[in-house]
Amino acid sequence: MSVRVRFAPSPTGYLHVGGARTALFNWLFARTSRGVFILRIEDTDLERSKEEMTAAILEGLRWLGLDWDEGPYYQSQRRDLHRATGLKLQASRSAYPCFCEPAELQRRRQEAERLGVTWKYERTCLALLPEEVQRRVAVGQPHAFRFRVPEGVTSWSDRVHGRTTFANETLEDFILLRSDGTPTYHLSVVSDDVDMKITDVIRGDDHLSNTPKQILLYRALGEPIPTFAHLPLILGPDKKRLSKRHGAVAVTEYREAGYLPEALFNFLALLGWSSGDGREFLPREELIRRFSFEGVGKKGAVFDEQKLEWLNSQYINAMPAAAIREAIRGELKARGLWDASLEGERREWFEKVLETLKPRSRKLSDLARDSAIFLSDDFAYDPGAAAKHLGDPETARRMVALRDALERVEPFDEAATEAALRKAAAGMGIAAAKLIHPLRIALTGQAVSPGIFTVLTLVGREGALRRIDRLIRSQELGR
RNA sequence: GUCCCCAUCGUCUAGUCUGGCCUAGGACGCCGCCCUUUCAAGGCGGCAACACGGGUUCAAAUCCCGUUGGGGACGCCA
């Protein structure tokens, strides 16, 4: 039987990393087993579901490359099916009407909580005589339908946790259909999973305690029970379930922060799963080849952004310059640094700029920021850098000498400019560093940069002279 | 409170099923060294963990029991 899995988010918020990881494992399992990955939007909570959230979730999935084979199906449009399933359960006497007032039930629940005792629905309405039930229905008394939990134990072999068992007596007769006739979560999920012929339910640990109820529903319906796999949750640094309190959780926030989808994908896969051989840099194809539930751990995993950042830097380093250019184009435009020539006559030059910036960038935003000094003369001198390397009163005079040397050097390449600078330093009887550091500030405004001779040649002779002149002027003015 | 799940470096983990090869391996981060004009990248090295207590066994990170700690779920939400 071919594998069919689903990702079933509620559109009550953006796609967060926890949901993304659940989707990712479903996707990986579908792809490794040549199965079908289905997307189902569980939008039956009209109060909280928002259409724009559905759009945001789809966008997040697409960005991560988690393409689905079927759907999106909308659970709210499948209510008739859910109700029909509920009817079946009534017919087989697995469900019974409950006339209890929600407010009254809530009161009793709260009372029990106050006393610190456990409370579960005491089956008041199950004890009702058939005639009494008929009478109440006839007079139109509102009623929900509850599932009649059978005696015994419910257990299954979880793909992650192994044999897991619940005593049915710890379960209460949960509601299947509300008094307004609408189906509840358990009924909808099981109806849909049955209808969609889902073979493997892969979801978060937080659904562990829902599983026995759902298994009971499959049994009552006489339907085959899928295999379950409950993934441990993603935790914040305080070891509690990752949430907004911990900072960025929406995948789109990571996109905005300069992360590559490939890196987040790889990172999320590694959170709770291990290939076993210690490799960490595992691109999508490699993940598909290696994924198996064998490698999934049982323990919740703390989301470590530093490791994500490291992985991101690995992906940036492996990325061709042209692809990086495309990826940061938007941000360059936003900074007013984009020019069509960057993919025209200056294309090769710009790719070289990006190549030099690559190894010292951890996020795309670093690239966009650091390429600024190559795209514009308009930058300020970092005060710390100036304090460190421009204090010497001889600086202006030395820069004049360096300027002259650079004006004449031929060709204007890394080797020749370096030789010229070293010769100029030797001529003045000073260490090359005395020229290099001020030159770096002249060219970049910073105390740190890529190799200075690389910067020099990328900025070009004309640009370099202009920037050195500017430094000399600022030095003389400061006197 | 009840039920369920979990427990190896700060973090992600390998090893646990099928006890011995574990003096517990790798990765991120951190520290140091090399390279070097700075910062990265890269290379080399260092610090750092089997929660605790019993048991089984010739032998326990590994099997069993308990304790402690952490998490999740307990809706006419999904």
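The structure we're discussing is the one just above.
Below you will find a few notes about this structure. Source: prediction; values computed, not measured.

A word on the overall build of chain A. Of the regular secondary structure elements, chain A holds 20 helices and 12 strands. Taking 479 residues into account, the globule formula puts the C-alpha radius of gyration at 23 Å, and chain A, at 32 Å, lies well above it. In terms of overall dimensions, chain A has a C-alpha envelope of 110 × 45 × 40 Å along the principal axes. In chain A, buried positions account for 49% of the 479 residues. Long-range pairs, those at least 24 residues apart, make up 76% of the contacts in chain A with a sequence separation of at least 6. Mean positive and mean negative side-chain charge positions of chain A (71 and 67 charges, respectively) differ by 3 Å.

Below, the discussion takes up the protein's contact with RNA strand B. Looking at RNA strand B, there are 62 residues lining it, with Ser 10, Asp 45, Arg 178, Lys 240 and Arg 440 nearest. Restricting the count to atoms of RNA strand B within 4 Å of the protein gives a sugar and phosphate share of 73%. For RNA strand B, a base oxygen lies 2.8 Å from a polar atom in the side chain of Arg 48. Between RNA strand B and Arg 362, the relevant distance is 2.9 Å, taken from a phosphate oxygen to a side-chain nitrogen or oxygen of the residue. Put simply, the parts of the chain that give the surface near RNA strand B at least two residues each are helix 4 (102-115), strand 7 (162-167), strand 12 (301-302), helix 11 (305-318), helix 19 (433-444) and helix 20 (452-477). The element best represented in the surface near RNA strand B is helix 11, accounting for four residues. Considering only residue class, the surface near RNA strand B consists of 20 nonpolar, 24 polar and 18 charged.

In this section: unusual backbone geometry. Pro 72 follows Gly 71 through a cis peptide bond whose omega is 5 degrees. Topologically, Pro 72 is positioned in strand 3 (residues 70-74). The backbone of Arg 93 sits at a positive phi, close to 60 degrees, despite the residue not being glycine. Residue position: Arg 93 is located in the loop between helix 3 (79-91) and strand 4 (95-98). Not every positive phi belongs to a glycine, and Lys 239 is a case in point at roughly 70 degrees. As for its position among the elements, Lys 239 is in the loop between strand 11 (234-235) and helix 8 (251-256). Owing to a relative accessible area of 60%, Lys 239 belongs among the exposed residues under this scheme.

Applying the stated criterion across every chain yields a total of 48 salt bridges. Of the charged contacts in the structure, one is a salt bridge between Glu 104 and Arg 107, with a shortest N-O distance of 3.3 Å. Taken together, the residues Glu 104 and Arg 107, both in helix 4 and three residues apart, mark about one turn of the helix. Take Glu 104: its relative accessible area is 30%, and that puts it in the partly exposed class. Arg 107 gets classed as partly exposed once you look at its relative accessible area, which sits at 45%. Arg 123 is the partner of Asp 173 in a salt bridge, and the nearest nitrogen-oxygen pair spans 2.7 Å. Here Asp 173, found in the loop between strand 7 and strand 8 (175-177), pairs with Arg 123, found in the loop between helix 4 and helix 5 (130-138); they are 50 residues apart in sequence, far enough to count as distant.

Quick look at the pairing of strand 10 (residues 227-231) now. Summarising burial for strand 10: four of the five residues are buried, a large majority. Sheet topology note: the strand 9 (residues 200-204)/strand 10 ladder contains five bridges and is parallel. Opposite Asp 200, over in strand 10, you have Thr 227 as the bridge partner. With helix 7 (residues 211-221) bridging strand 9 and the parallel strand 10, this β-α-β connection has right-handed handedness.

Here we take up helix 18 (residues 414-428). An α-helical turn contains 3.6 residues, so a residue and the one three or four places further along point in the same direction. Along its 15 residues, helix 18 runs 21 Å from first to last C-alpha, staying within 8% of the 21 Å computed at 1.5 Å per residue. All of the buried residues along helix 18 are Ala 416, Thr 417, Ala 420, Leu 421, Ala 424 and Ala 425. Backbone nitrogen of Ala 415 and a side-chain oxygen of the N-cap are separated by 3.3 Å at the start of helix 18; the cap is Asp 413. Looking one or two residues beyond helix 18, the residue adopting positive phi is Gly 429, at roughly 70 degrees.

A few words now on the packing of aromatic side chains. With the rule as written, the count across this model stands at 13 aromatic pairs. Centre to centre, the rings of Tyr 254 and Tyr 259 are 5.6 Å apart; their planes meet at 55 degrees, and the pair counts as tilted. Of the two residues, Tyr 254 and Tyr 259, neither departs from the other in class, the shared state being buried. With 5.0 Å between their ring centres and 85 degrees between their planes, Phe 267 and Phe 303 make a pair best called edge-to-face. Here the residue Phe 267 occupies a position in helix 9 (residues 261-270), and Phe 303 occupies one in the loop between strand 12 and helix 11, the gap between them amounting to 36 residues. Take Phe 267 and Phe 303: they sit in the same class, and that class is buried. Here the aromatic residues Phe 25, Phe 29, Trp 273, Phe 291 and Phe 293 are joined through ring pairs into a cluster of three or more. In this structure, Arg 284 is placed above the aromatic ring of Phe 265, and the distance from its NZ or CZ to the ring centre is 4.2 Å.

Definitions and cut-offs
- Residues numbered from 1 in each chain as written.
- Chains lettered and ligands numbered in written order.
- Predicted model: local features only at pLDDT ≥ 70, side-chain atom pairs only at ≥ 80, totals over all residues.
- Heavy atoms only, no water.
- Helix = DSSP H or I, 4+ residues; strand = E, 2+ residues; numbered from the N terminus.
- Rg over C-alpha atoms; globule rule 2.2 N^0.38 Å.
- Buried < 20%, exposed > 50% of the residue type's maximum accessible area, 1.4 Å probe, protein only.
- Contact = heavy atoms within 4.5 Å.
- Lys, Arg positive; Asp, Glu negative; His and termini not counted.
- Charge placed at Lys NZ, Arg CZ, Asp CG, Glu CD.
- Near = heavy atom within 4 Å.
- Polar contact = N/O pair within 3.5 Å; in protein donor to acceptor, adjacent residues only side chain to side chain.
- Nonpolar A, V, L, I, M, F, W, Y, C, P; charged D, E, K, R; others polar.
- Salt bridge = Lys/Arg side-chain N within 4 Å of Asp/Glu carboxyl O.
- Pairing = 2+ DSSP bridges.
- Right-handed = clockwise from strand over helix to strand, strands pointing away.
- Expected span 1.5 Å × (residues − 1).
- Phe/Tyr/Trp six-rings, centres within 6.5 Å; stacked < 30°, edge-to-face > 60°.
- Lys NZ or Arg CZ within 6 Å of the ring centre and 35° of its normal.

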